[in-house]
Amino acid sequence: MLTFTYKVGLFNVTERVGKAGSSHFMEPETHVSLDMRLFTTEDDVAEFVKPKNSVCLLMPNYIIDLRQTEEQIFKNISRSTRRNIRKAMNQDHFNFIELENPTNEQIIKFSELYDEFAREINIKKCNVRKLKAIRDKGALVISYITNQNNQVLCAHAYLMNTRQAYGIYSVLSHKKGDPIDGQTIGRANKYLDWRNIQSAKSKGCSWYNFGGKIFEEVDEKGKNVNQYKKSFGSISGYDLRVYKANGTVGKLFLLLLHFYYKWRRRYEYAFTFETLSISHQNRRIS
């Protein structure tokens, strides 16, 4: 199990990635613990028991089984995506850059690229302290695709352990007025995911985790993100987050988080409540 601590605003969060025991010790300076687990089957969900005094979020995700051969993984990818990857390899002259133990300077450079992207699409900024904490545990990988002019086209930051390669941040470096067209950026991103898949498999990971499904497919953007992940031949799994408080400050964090999930992420919140309730009822019947 991978454990690291970082700050979210004024709160100290200790995050654990992997299967945790039924109880664990929290350092006094920790306000909140976050247990992150990957469920790859419905049985994993059915066996989960929600801890008392916790806030949970269960997110459907898209994952690739890296225990298959590389040939089979590539074969499972959709025909159009395979075509894009081949074109990126053979015609586009892209450069793949992988940083397995990024320096502070390299993390800052990635965060600046990501924050610019985040402002354009109105999402949260990069948590640099979290990336550094993961790096200090030897589990952070940052990868880029650049063109012949060394211009960054896309970049990913992900957590890697033997269980999974889990995407944390993803950047598409395309601005208004940029001479590089969107199709080129799209091919670069597909090529980057493919190179990341190859790298994760070579390092012994069992799963490549694209991250959560977008519930609100109210526009083409949401549909396209989900379709992109499906196009790699991914299967359905779940990411589980379990938050527990330590002390009064931690309880305040959980209260704020509860209302944030209930109102700002209501689809995921409703899915979590419904799924875990059904699982609990099934256990009682059996």
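Summarised in this report is the structure supplied together with it. (Residues numbered from 1 in each chain as written. Predicted model: local features only at pLDDT ≥ 70, side-chain atom pairs only at ≥ 80, totals over all residues. Heavy atoms only, no water.)

## Re the environment of Lys-50
Position of Lys-50 among the secondary structure elements: in the loop between α1 (42-47) and β4 (54-65). A relative accessible area of 42% means that Lys-50 is categorised as partly exposed. C-alpha separation for the pair Lys-50 and Val-152, spaced 102 residues apart in sequence, amounts to 43 Å. A polar atom in the side chain of Lys-50 sits 2.8 Å from the backbone oxygen of Ser-54. (Helix = DSSP H or I, 4+ residues; strand = E, 2+ residues; numbered from the N terminus. Buried < 20%, exposed > 50% of the residue type's maximum accessible area, 1.4 Å probe, protein only. Polar contact = N/O pair within 3.5 Å; in protein donor to acceptor, adjacent residues only side chain to side chain.)

## So, the pairing of strand β9 (residues 207-212)
In terms of burial, β9 is largely enclosed, as five of its six residues are buried. Here β4 runs beside β9; their pairing, made up of five bridges, is antiparallel. Note on β9: the bridge partner recorded for Ile-63 is Asn-209. (Pairing = 2+ DSSP bridges.)

## Description of the pattern of salt bridges
With the rule as written, the count across this model stands at six salt bridges. Residues Lys-203 and Glu-100 are paired through a salt bridge, measuring 3.6 Å at the closest nitrogen-oxygen approach. With Lys-203 in the loop between α6 (182-202) and β9 and Glu-100 in the loop between β5 (95-99) and α4 (104-121), the pair connects residues that are 103 residues apart, well separated along the chain. Lys-203 sits in the partly exposed class, given a relative accessible area of 34%. Residue classification places Glu-100 among the partly exposed positions, given a relative accessible area of 46%. Here Arg-135 ties to Asp-136 by a salt bridge, and the two come within 2.8 Å at their closest N and O atoms. A residue is classified by how much of its surface remains accessible, and Arg-135, at 14% relative accessible area, is buried. Put simply, Glu-98, Glu-100 and Lys-203 are held in one network by salt bridges that share partners. (Salt bridge = Lys/Arg side-chain N within 4 Å of Asp/Glu carboxyl O.)

## Some points on α4
The end-to-end C-alpha separation of α4 is 26 Å, in line with the 26 Å expected for 18 residues at 1.5 Å each. Its buried side turned inward, α4 meets α5 (128-136), β6 (140-146), β7 (152-160) and β8 (164-172). Directly after α4, the chain includes Asn-122, whose backbone phi takes a positive value near 60°. (Expected span 1.5 Å × (residues − 1). Contact = heavy atoms within 4.5 Å.)

## A word on the environment of Glu-70
Positionally, Glu-70 belongs in helix α2 (residues 70-76). Taking the C-alpha atoms as reference, Glu-70 lies 29 Å from Leu-58; in sequence the two are 12 residues apart. Once you skip the residues sitting within four places of it in the chain, Glu-70 turns out to touch Trp-194, Gln-198 and Lys-201.

## Comments concerning the state of the cysteines
Applying the stated rule across the entire model yields zero disulfides. Lacking any disulfide linkage, Cys-154 is separated from the closest cysteine sulfur, that of Cys-126, by 16 Å. Overall, Cys-154 belongs to the buried group, its relative accessible area being 0%. (Disulfide = S-S within 2.5 Å.)

## Notes on helix α8 (residues 247-264)
Given a rise of 1.5 Å per residue, 18 residues ought to cover 26 Å, and the 25 Å separating the end C-alpha atoms of α8 matches this to within 8%. Within the sequence span of α8, burial applies to Gly-250, Phe-253, Leu-254, Leu-257 and Tyr-261. Across the axial projection of α8, the buried residues extend over an arc of 100°, all falling on one side. Away from the buried face of α8 by more than 90 degrees, exposed residues Thr-248, Lys-251 and Trp-263 are located. (Arc of directions from axis to C-beta.)

## Notes on the sheet that holds β8
If you walk across this open sheet you meet the 10 strands as β1-β2-β3-β10-β4-β9-β8-β7-β6-β5, and the pairing is mixed. Two strands in the sheet have a free side with no partner beyond their single neighbour: β1 (2-8) and β5. Looking at each pair of strands side by side, their axes are set apart by 30° on average, direction ignored. In the sheet, β7 pairs with β8 via seven bridges, with the strands oriented antiparallel. (Axes fitted to C-alpha atoms, helices over the stretch in contact; angles between N-to-C directions.)

## Things to note about a nonpolar patch on the surface
A cluster of nonpolar side chains, contributed by Leu-252, Leu-255, Leu-256, Phe-259 and Trp-263, occupies part of the molecular surface with about 530 Å² of accessible area. Residue position: Leu-256 is located in helix α8. Exposure remark for Leu-256: the relative accessible area of 48% places this residue in the partly exposed category. (Patch = residues over 30% accessible without salt bridge, like charges linked within 9 Å, V, L, I, M, F, W, Y side chains within 5 Å. Areas by Shrake-Rupley, 256 points an atom, 1.4 Å probe, with all protein chains shown as cover.)

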